Amino acid sequence: MNPLPQVEHTVREHKLPGLEGQLPEEFILPHYGGYSIANLPATVAGLLGVELRDTAPPLPDPLWTDIAQGVRRVVMVVLDAVGYLQLRRVLQLAEAKGEDSPLNRLVRAGRLIPLTSVFPSTTVAALTTLWTGRAPAGHGFAGTKLLLSQQGVLANMLGLSPAAHRQPGALLEWGWEPDDFVPVPGLGQQLSDAGVRTFAHTHLPFVRGGLARIFMRGVESVRGHAGFSDMWINIRHTLTRRRGSPST
């Protein structure tokens, strides 16, 4: 049975008390109880036999436990700002053109399920959730501009610079320590503590940046790529070199 229609219905019908009639009908609310990106870290850990501490629960069992048997390695691919409907259009367009893209092959071999994002659904908030298993209220990284009280500055967290003048990396030059900014354990840390080796692939300019230090705590190594195609090549190399060992 294809769970996609039921999951899509559950996501669209999810409401929060007190907000009835206050939001546009098409507004999709986060469903942290089991149908959001906050539930992915615990699911990834569960596939590898690890139970995370103090995080959002994994996805509901019927969505993934039947395909979990024998899983030793998990690859999580994040396409920033690509929504569920956009992704479906991309997949349909590729299929109509007769193109056999990696994403189409993944969908055929696995299961396509819509999940909600977080609120606010900014890049830094969503990525921190994916790397901690906490909603933004739990990890504190809620937006691209935050007041850093100890430094006394309104900061642009994407560039790690004062919001008033963009000097990339200025906060690092001032001695700001991004490793301690998010006060909850990272996914890489918890998996590493449980004996699971974790590797990350990211856009080349971000490899040594402050955001990578925030998100990828506990990751064994971080490798950069210039584009989508060499990302897949790098992932293949990582999987080949680590064949047989539990990793993500």
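So, a few notes on the structure that sits alongside this text. This is a predicted model, so every value here is computed, not measured.

**Some details on the side chain of Thr202**
1) Next: Looking at the element boundaries, Thr202 is found in strand β4 (residues 199-203).
2) Next: Non-local contacts of Thr202, meaning those with residues more than four positions away in its chain, are made with Val207, Met216, Val222, Arg223, Gly224 and His225.

**Overview of the sheet that holds strand β3 (residues 161-162)**
1) Next: Across the sheet, which stays open at both edges, the three strands sit in the order β1-β2-β3 with antiparallel pairing between neighbours. Only two strands of the sheet have a single neighbouring strand rather than two, namely β1 (145-148) and β3.

**Focus on the environment of Glu25**
1) Next: Counting through the fold element by element, Glu25 comes out in the loop between α1 (4-13) and α2 (40-47).
2) Next: With a relative accessible area of 67%, Glu25 lands in the exposed category.
3) Next: A sequence separation of twelve residues divides Glu25 from Glu13, and the C-alpha atoms of the two residues are 9.9 Å apart.

**So, the packing of aromatic side chains**
1) Next: Across all of its chains, the model carries four aromatic pairs by this definition.
2) Next: Look at Phe141 and Phe181: their rings are 5.0 Å apart centre to centre, the planes differ by 80 degrees, and that puts the pair in the edge-to-face class. Of this pair, Phe141 sits in the loop between α6 (136-139) and β1 while Phe181 sits in the loop between α7 (170-173) and α8 (187-193), and the two are 40 residues apart along the sequence.
3) Next: Taking 6.4 Å as the distance between ring centres and 35 degrees as the angle between the ring planes, the aromatic pair formed by Phe141 and Phe215 counts as tilted. Placement of Phe141 in the loop between α6 and β1 and of Phe215 in helix α9 (residues 210-215) is noted, with a sequence separation of 74 residues between them.
4) Next: Each residue in the set Phe141, Trp176, Phe181 and Phe215 is aromatic and connected to the rest through ring pairs, giving one cluster.

**Thoughts on the layout of surface pockets**
Gaps left between atoms show up when a probe the size of a water molecule is rolled over them.
1) Next: Considered as a void within the structure, the second largest pocket measures approximately 1,200 Å³ in volume.
2) Next: The wall of the second largest pocket is formed by 46 residues, among which Val78, His201, Thr202, His203 and Met216 lie closest to the centre.
3) Next: For the lining of the second largest pocket, the secondary structure elements donating two or more residues are α5 (123-132), α8, β4, α9 and α10 (228-241).
4) Next: When the residues that make up the lining of the second largest pocket are grouped by side-chain class, the tally is 29 nonpolar, 14 polar and three charged.

**Brief notes about α5**
1) Next: Most of α5 is tucked away: eight of the ten residues are buried.
2) Next: Along α5, the residues classified as buried are Val124, Ala125, Ala126, Thr128, Thr129, Leu130, Trp131 and Thr132.
3) Next: One or two steps after α5, the chain reaches Gly133, where phi turns positive at roughly 80 degrees.

Reading the values: rules and limits
- Residues numbered from 1 in each chain as written.
- Predicted model: local features only at pLDDT ≥ 70, side-chain atom pairs only at ≥ 80, totals over all residues.
- Heavy atoms only, no water.
- Helix = DSSP H or I, 4+ residues; strand = E, 2+ residues; numbered from the N terminus.
- Contact = heavy atoms within 4.5 Å.
- Pairing = 2+ DSSP bridges.
- Buried < 20%, exposed > 50% of the residue type's maximum accessible area, 1.4 Å probe, protein only.
- Phe/Tyr/Trp six-rings, centres within 6.5 Å; stacked < 30°, edge-to-face > 60°.
- 1 Å grid on protein atoms, 1.4 Å probe; cavity = no way out; pocket = protein on both sides within 12 Å on 5 of 7 lines; lining within 4 Å.
- Points joined across faces, edges and corners; volume = space filled by probe spheres on them.
- Nonpolar A, V, L, I, M, F, W, Y, C, P; charged D, E, K, R; others polar.

This is a description of form; function is not addressed.
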